[in-house]
Amino acid sequence: MLSLSTRKIRATSSRENLLDLAMGPNRRRKSSETLRRDRVPAEGLALVARDPDGHVIGTVRLWNVEAGVSREGVPVDALMLGPLAVDAAHEGKGIGGALMRAAIGEAKSRGHGAILLVGDAPYYERFGFFAAKAQHLVMPGPFERSRFLAIELKDGWLDGAAGILIASGRKLAMPRLRARPETTNGIVLEKHVPFSGYSCSVVGMHRLLRATS
Ligand SMILES: CC(C)(COP(=O)(O)OP(=O)(O)OC[C@H]1O[C@@H](n2cnc3c(N)ncnc32)[C@H](O)[C@@H]1OP(=O)(O)O)[C@@H](O)C(=O)NCCC(=O)NCCS
């Protein structure tokens, strides 16, 4: 059962270190980074997995986007997923899959209609992501069409959706804090999902109340 708790954000620098190791130094040059830069993740959709000692060993976040426009010319709200990463020492234990399933379930329960991502189809197809669902959409920068995937959380949500993805998430109140995240005092909302000795947490940073300079 999910339980809610609040606590000071301590996952930020651990998560960034994990992403640097898993994704490499060029990770911020990806087109998907355009959709994340200076934005806050979608409400309740930043997840971390921790080992029994509390170390961050997996992370995934989802971001609000407009996925082109509908046939009627109305922007189509959706989520962009990424990055997903698991500590190399813990790969193959099902942690990535647990994070993906928790993220999809949480997005669905929050009423979202679709999730997009850029990633390896052989991995993401098991969760229901397929290139066909994103065939009329484009990333805001270079991308491989065969790796641009989507899942509908509501039937037909992406039918007719066409055009470029645009970031639509809430902007970071104080982007400069990203440079020194370890000095921030934030409030997080955590949902703990028991998972065979590990805990998966849904972490939503709602508001930075105060920042030390
Ligand atoms: C991809 C990643 C998140 C998977 O995490 P994980 O916790 O090892 O995943 P799981 O344990 O849930 O699943 C493991 C299975 O996925 C498969 N798998 C992992 N990466 C894969 C890939 N890129 N393509 C196809 N299958 C893949 C494994 O072979 C394994 O298969 P099996 O169950 O048949 O043995 C992790 O390897 C990682 O962080 N990689 C580096 C960063 C990365 O590439 N992120 C994705 C960017 S799109």
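Residues numbered from 1 in each chain as written. Predicted model: local features only at pLDDT ≥ 70, side-chain atom pairs only at ≥ 80, totals over all residues.

**Brief notes about the overall build of the protein**
Stage number 1. Helix and strand counts for the protein come out as four helices and 10 strands.
Stage number 2. Of the regular secondary structure in the protein, the N- to C-terminal order runs β-α-α-β-β-β-α-β-α-β-β-β-β-β.
Stage number 3. Counting across all 213 residues of the protein, residues that qualify as buried make up 35%.
Stage number 4. Across the protein, every contact between residues at least 6 apart in sequence was considered, and the portion connecting residues at least 24 apart equals 72%. (Helix = DSSP H or I, 4+ residues; strand = E, 2+ residues; numbered from the N terminus. Buried ≥ 20, exposed ≤ 12 C-beta atoms within 10 Å, placed from the backbone. Contact = placed C-beta atoms within 7 Å.)

**Notes on the pairing of strand β4 (residues 75-86)**
Stage number 1. For β4, a buried count of 10 out of 12 residues is recorded, marking the element as mostly surrounded by other parts of the structure.
Stage number 2. In the sheet, strand β3 (residues 56-69) pairs with β4 via nine bridges, with the strands oriented antiparallel. By the bridge assignment, glycine 58 is partnered in β4 with valine 86.
Stage number 3. The turn joining β3 and β4, which pair antiparallel and follow one another in sequence, is formed by five residues; a positive phi near 85° is taken by glycine 73.
Stage number 4. Judged from the two bridges that link them, β4 and strand β5 (residues 114-118) form a sheet pairing that is parallel. (Pairing = 2+ DSSP bridges.)

**Considering the nonpolar core**
Stage number 1. By size, the foremost hydrophobic cluster in this structure holds 48 residues, and its most contacted members are Leu79, Ala103 and Ile115.
Stage number 2. Beyond its immediate stretch of four places on either side in the chain, alanine 103 contacts Leu45, Leu47, Val60, Leu62 and Leu81. (Core = buried A, V, L, I, M, F, W, Y, C linked by C-beta atoms within 7 Å.)

**Examining the site of the ligand**
Stage number 1. Among the 17 residues in the neighbourhood of the ligand, the closest are listed as Glu91, Gly96, Gly97, Gly119 and Asp120.
Stage number 2. Of all the secondary structure elements, the ones that give two or more residues to the shell around the ligand are α1 (11-23), β4, α3 (95-109) and α4 (121-124).
Stage number 3. For the shell around the ligand, the leading source of residues is β4, giving four residues.
Stage number 4. By residue class, the composition of the shell around the ligand is nine nonpolar, five polar and three charged. (Near = placed C-beta within 6 Å. Nonpolar A, V, L, I, M, F, W, Y, C, P; charged D, E, K, R; others polar.)

**A few points about unusual backbone geometry**
Among all residues except glycine, the phi angle is most often negative; among peptide bonds, the trans geometry is most common.
Stage number 1. In the segment running from glycine 82 into proline 83, the intervening peptide bond is cis, with an omega of -10°.
Stage number 2. Within the secondary structure layout, proline 83 lies in strand β4.
Stage number 3. You will see that aspartate 38, though not glycine, has its phi angle at about 60°, which is positive.
Stage number 4. You can see aspartate 38 is positioned in the loop between α2 (31-34) and β2 (46-50).
Stage number 5. Assessed through the 10 C-beta atoms surrounding it within 10 Å, aspartate 38 is described here as exposed.

**Thoughts on the confidence of the model for the protein**
Stage number 1. On average, residues of the protein carry a pLDDT of 83, and 77% of them reach 70 or more.
Stage number 2. Here residues 179-190 is a poorly scored stretch, pLDDT under 50, and it has 39 contacts once near neighbours within four places are set aside; other chains count. (pLDDT = per-residue confidence, 0-100.)

**What to know about the pairing of β2**
Stage number 1. Counting buried residues in β2 gives four out of five residues, a clear majority hidden from the surface.
Stage number 2. Counted between consecutive antiparallel strands, the loop separating β2 from β3 contains five residues, among which glycine 54 sits at a positive phi close to 90°.

**Overview of the environment of glycine 156**
Stage number 1. Summarising the element assignment, glycine 156 is placed in the loop between β7 (148-152) and β8 (162-167).
Stage number 2. Taking the C-alpha atoms as reference points, glycine 156 and lysine 133, separated by 23 residues in sequence, lie 9.4 Å from one another.

**Quick look at the environment of glutamate 152**
Stage number 1. Within the secondary structure, glutamate 152 is located in strand β7.
Stage number 2. Placed 44 residues apart in sequence, glutamate 152 and lysine 108 show a C-alpha to C-alpha distance of 9.5 Å.
Stage number 3. Contacts of glutamate 152, omitting those with residues within four sequence positions, involve Gly113, Ala114, Lys133, Trp157 and Leu158.

**So, the environment of valine 60**
Stage number 1. With respect to the helices and strands, the residue valine 60 is situated in strand β3.
Stage number 2. The class for valine 60 is buried, based on 24 C-beta atoms found within 10 Å.
Stage number 3. When residues no more than four places from it in sequence are discounted, the contact partners of valine 60 are Leu47, Leu81, Leu84, Leu99, Met100 and Ala103.

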